[in-house]
Amino acid sequence: MSRISRRIGAISESATLAVDAKAKALKAAGRPVIGFGAGEPDFPTPEYIVQAAVEAARDPKNHRYSPAAGLPELREAIAAKTMRDSGYAIEASQVLVTNGGKQAVYNTFATLLDPGDEVIIPAPYWTTYPEAVQLAGGAPVTIFAGPEQGYKVTVEQLDSVRTERTKVLLFVSPSNPTGAVYTPDEVAAIGRWAVEHGIWVVTDEIYEHLTYGEAKFSSIATLVPELEDRVVILNGVAKTYAMTGWRVGWMVGPQDVIKAATNLQSHATSNVANVSQRAALAAVAGPLDAVEEMKVAFNRRRLAIVEGLNAIEGLHCPTPEGAFYAYSDVRGLLGKEIRGVVSNTSAELAAVILEQAEVAVVPGEAFGPSGYIRMSYALGDADLAEGVARMQRLLGEAR
Ligand code: PMP
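Calculation rules
- Residues numbered from 1 in each chain as written.
- Predicted model: local features only at pLDDT ≥ 70, side-chain atom pairs only at ≥ 80, totals over all residues.
- Heavy atoms only, no water.
- Helix = DSSP H or I, 4+ residues; strand = E, 2+ residues; numbered from the N terminus.
- Rg over C-alpha atoms; globule rule 2.2 N^0.38 Å.
- Buried < 20%, exposed > 50% of the residue type's maximum accessible area, 1.4 Å probe, protein only.
- Contact = heavy atoms within 4.5 Å.
- Areas by Shrake-Rupley, 256 points an atom, 1.4 Å probe, with all protein chains shown as cover.
- Lys, Arg positive; Asp, Glu negative; His and termini not counted.
- Charge placed at Lys NZ, Arg CZ, Asp CG, Glu CD.
- Near = heavy atom within 4 Å.
- Polar contact = N/O pair within 3.5 Å; in protein donor to acceptor, adjacent residues only side chain to side chain.
- 1 Å grid on protein atoms, 1.4 Å probe; cavity = no way out; pocket = protein on both sides within 12 Å on 5 of 7 lines; lining within 4 Å.
- Sits in = over half its atoms within 2 Å of the grid points.
- Nonpolar A, V, L, I, M, F, W, Y, C, P; charged D, E, K, R; others polar.
- Pairing = 2+ DSSP bridges.
- Domains from an automatic or database assignment.
- Buried area = accessible area lost by both parts, 1.4 Å probe.
- Salt bridge = Lys/Arg side-chain N within 4 Å of Asp/Glu carboxyl O.
- Core = buried A, V, L, I, M, F, W, Y, C linked by side-chain atoms within 4.5 Å.
- Right-handed = clockwise from strand over helix to strand, strands pointing away.
- Points joined across faces, edges and corners; volume = space filled by probe spheres on them.

1. Brief notes about the overall build of the protein chain
In step 1: Secondary structure assignment for the protein chain yields 14 helices and 14 strands.
In step 2: What you see for the protein chain is a C-alpha radius of gyration of 21 Å, in line with the 21 Å of a compact globule of 399 residues.
In step 3: Based on the C-alpha atoms only, the size of the protein chain along its principal axes is roughly 60 × 55 × 55 Å.
In step 4: Among the 399 residues that make up the protein chain, the fraction classed as buried is 56%.
In step 5: Within the protein chain, contacts between residues at least 6 apart in sequence are counted, and of these 74% link residues at least 24 apart.
In step 6: As displayed, the protein chain has an accessible area near 16,800 Å², and 53% of this comes from carbon and sulfur atoms.
In step 7: Measuring between centres, the 36 positive side-chain charges of the protein chain sit 6 Å from its 46 negative side-chain charges.

2. Topic: the site of the ligand
In step 1: Around the ligand, the neighbouring residues are Gly100, Gly101, Lys102, Trp126, Tyr129, Asn176, Asp204, Ile206, Tyr207, Ala238, Lys239 and Arg247.
In step 2: Within the side chain of asparagine 176, an N or O atom sits 2.7 Å from an oxygen atom of the ligand.
In step 3: Contacts to the ligand include arginine 247, whose side-chain N or O atom sits 2.7 Å from an oxygen atom.
In step 4: Using a 2 Å cut-off from the grid points, one finds that the ligand occupies the largest pocket.
In step 5: Broken down by element, the residue count for the shell around the ligand peaks at three residues, all from helix 5 (residues 100-112).
In step 6: Here the residues of the shell around the ligand sort into five nonpolar, three polar and four charged.

3. A word on the environment of alanine 215
In step 1: Tracing the backbone shows alanine 215 in the loop between strand 6 (200-204) and helix 9 (220-223).
In step 2: Counting along the chain gives 173 residues from alanine 215 to aspartate 42, while the straight-line C-alpha distance between them is 23 Å.

4. Regarding unusual backbone geometry
In step 1: The omega angle of the peptide bond from alanine 123 to proline 124 is -5°, so this bond is cis rather than trans.
In step 2: Relative to the helices and strands, proline 124 is located in the loop between strand 3 (118-123) and helix 6 (128-135).
In step 3: Following asparagine 176, the chain continues to proline 177 via a peptide bond in cis, the omega torsion being 20°.
In step 4: A positive phi is found at arginine 339, a non-glycine position, where the angle reads about 45°.

5. Overview of helix 6
In step 1: Most of helix 6 sits out of view: seven of its eight residues are buried.
In step 2: Along helix 6, the residues classified as buried are Thr128, Tyr129, Pro130, Glu131, Ala132, Val133 and Leu135.
In step 3: Elements in contact with the buried residues of helix 6: helix 1 (6-9), helix 5, strand 3, strand 4 (139-144), strand 5 (166-172) and strand 6.
In step 4: Of the residues one or two after helix 6, glycine 137 is the one with positive phi, at around 90°.

6. Side note on the sheet that holds strand 13 (residues 362-363)
In step 1: Read from one edge to the other, the open sheet built from three strands follows the order 9-14-13, with strand pairing classed as antiparallel. On the outer flanks of this sheet lie strand 9 (325-329) and strand 13, each paired with one strand and no other.
In step 2: One ladder, built from five bridges, connects strand 9 with strand 14 (residues 372-376); its direction is antiparallel. Looking at strand 14, one finds that alanine 326 is bridged to methionine 375.

7. Digging into the domain arrangement of the protein chain
In step 1: Domain annotation of the protein chain identifies domain 1 (6-44 + 290-395) and domain 2 (47-285).
In step 2: Taken together, the contact pairs 35 residues of domain 1 with 30 residues of domain 2.
In step 3: Together, the buried faces of domain 1 and domain 2 total about 2,700 Å²; carbon and sulfur atoms form 60% of this surface.
In step 4: Of all residues in domain 1, Glu321, Tyr327 and Phe367 give up the largest surface area on contact with domain 2, accounting jointly for 21% of the area buried on that side.
In step 5: Taken together, the links from domain 1 to domain 2 amount to zero salt bridges.
In step 6: On inspection of domain 1 and its partner domain 2, the count reaches 14 residue pairs in polar contact (both at pLDDT 80 or more).
In step 7: Listing elements by their share of the side of domain 1 that touches domain 2, those giving two or more residues are helix 1, helix 12 (289-310), strand 9 and strand 14.
In step 8: In terms of residues, the side of domain 1 that touches domain 2 owes the most to one element, helix 12, which gives six residues.

8. Some remarks on the nonpolar core
In step 1: With 45 residues, the main nonpolar core has Leu74, Leu158, Ile190, Val237 and Val284 as its most contacted residues.
In step 2: Among all residues touching leucine 158, those that are not within four sequence positions of it are Ile120, Pro122, Ile143, Val153, Leu169, Ile190 and Trp193.
In step 3: Of all hydrophobic cores here, the second largest spans 41 residues; its members include Tyr212, Ala326, Ile338 and Leu379.

9. Side note on the pairing of strand 5
In step 1: The buried fraction of strand 5 is high, at six of seven residues.
In step 2: Where strand 5 meets strand 6, five bridges bridge the pair, whose relative direction is parallel. Counted as the bridge partner of valine 172 is aspartate 204 from strand 6.
In step 3: Taken together, strand 5, helix 8 (residues 184-196) and strand 6 form a β-α-β motif whose crossover is right-handed.

10. Details of the pairing of strand 4
In step 1: Across six bridges, strand 3 lies against strand 4 in parallel orientation. Along strand 4, the bridge assignment pairs glutamate 118 with alanine 139.
In step 2: Handedness of the crossover is the feature at issue here: the chain leaves strand 3, passes through helix 6, returns alongside strand 4, and the resulting connection is right-handed.

11. So, the layout of surface pockets
In step 1: The space that makes up the largest pocket amounts to roughly 980 Å³.
In step 2: Taken together, 45 residues form the lining of the largest pocket, with Ser14, Thr16, Lys102, Trp126 and Thr128 sitting closest to its centre.
In step 3: Of all elements in the fold, only helix 2 (15-28), helix 5, helix 6 and strand 7 (231-236) reach the threshold of two or more residues within the lining of the largest pocket.
In step 4: Among the elements that take part in the lining of the largest pocket, helix 6 stands out by supplying seven residues, more than any other.
In step 5: Taken together, the residues of the lining of the largest pocket sort by class into 20 nonpolar, 14 polar and eleven charged.

So, in structure tokens, the structure goes:
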């Protein structure tokens, strides 16, 4: 018998967190590291949301257990918000409030998958999806969409990996890690393909409000109403309201799925912290002004980072249209020598960038194939400019 179960032993360390840990260790040792690794807004949570939490903490009714599925007021507000932002009509009973979007991902796959069920995950993908699928006994099936197609998967590609065991398609737009945003036509085509083959769609809408320029978020659940019985929406307050640390997310789905997932959660974690739920209630029931303000800053940084990165020979960064990530193709820099070191993978290149330029980026290996780096532009303008300038100097030495 092994000490650690095979199921848990097979989980790999989050590569994004590993980069972050290494960058923090260098910083602690006094090195002026600039971090492009973190997937979180650098703004504080808006004051009226914090105020709601302060008041909630003083009210003894929030000091007790509450329903595992979430506070009834919050589930109502999420149903109303889903109508407002996605145009999708649901009942409050179709909402399960979770410990962040991450637990919604975990709950969803645990609830939908039997051993051997396949989940199609377009790559580059957010690191947590394949792990959550595997934990649930499912089999992740990835299909890569590269920069020449704007990191957006096509129906033909999806169909090329469909088998009799395909149960679910994981869909995310705007995307982490690429910032890609699918057009309404693309979303609808993918949704119709899923309906045609009886495939469930799990759609992660956590970056719905972070789109730039002409790009607009559109919900697959709304564009393809025939999916109704087979669609689960994942969302949360983390990105829209700068609330990553509060840990409130949710899943929306058919009644039977939500009921089953609630049973799971009732044994795993019970209710999400009431104070956090009260803060989330103030957020989702309130205005979207704060995210509009953050968007102005993110958009400025988006344009600055793309321009700065594309000035580097051997690196190509398509302009992302959503979220707060820039995903660069660095294959042109592999096999070249930089300060005596030849990097053959993006993981090796990221290590050189950290060591020599004191800039932390996440290598593509964390999200699928090697040859790419992800940089979050949710950091201050001055740090962003300095970090990109350091990369320009270092990578300009590649021979
Ligand atoms: N989905 C995506 C695509 C994400 O990038 C994240 C955060 N990195 C989440 C879900 C979950 O966020 P949280 O657990 O902080 O709510």
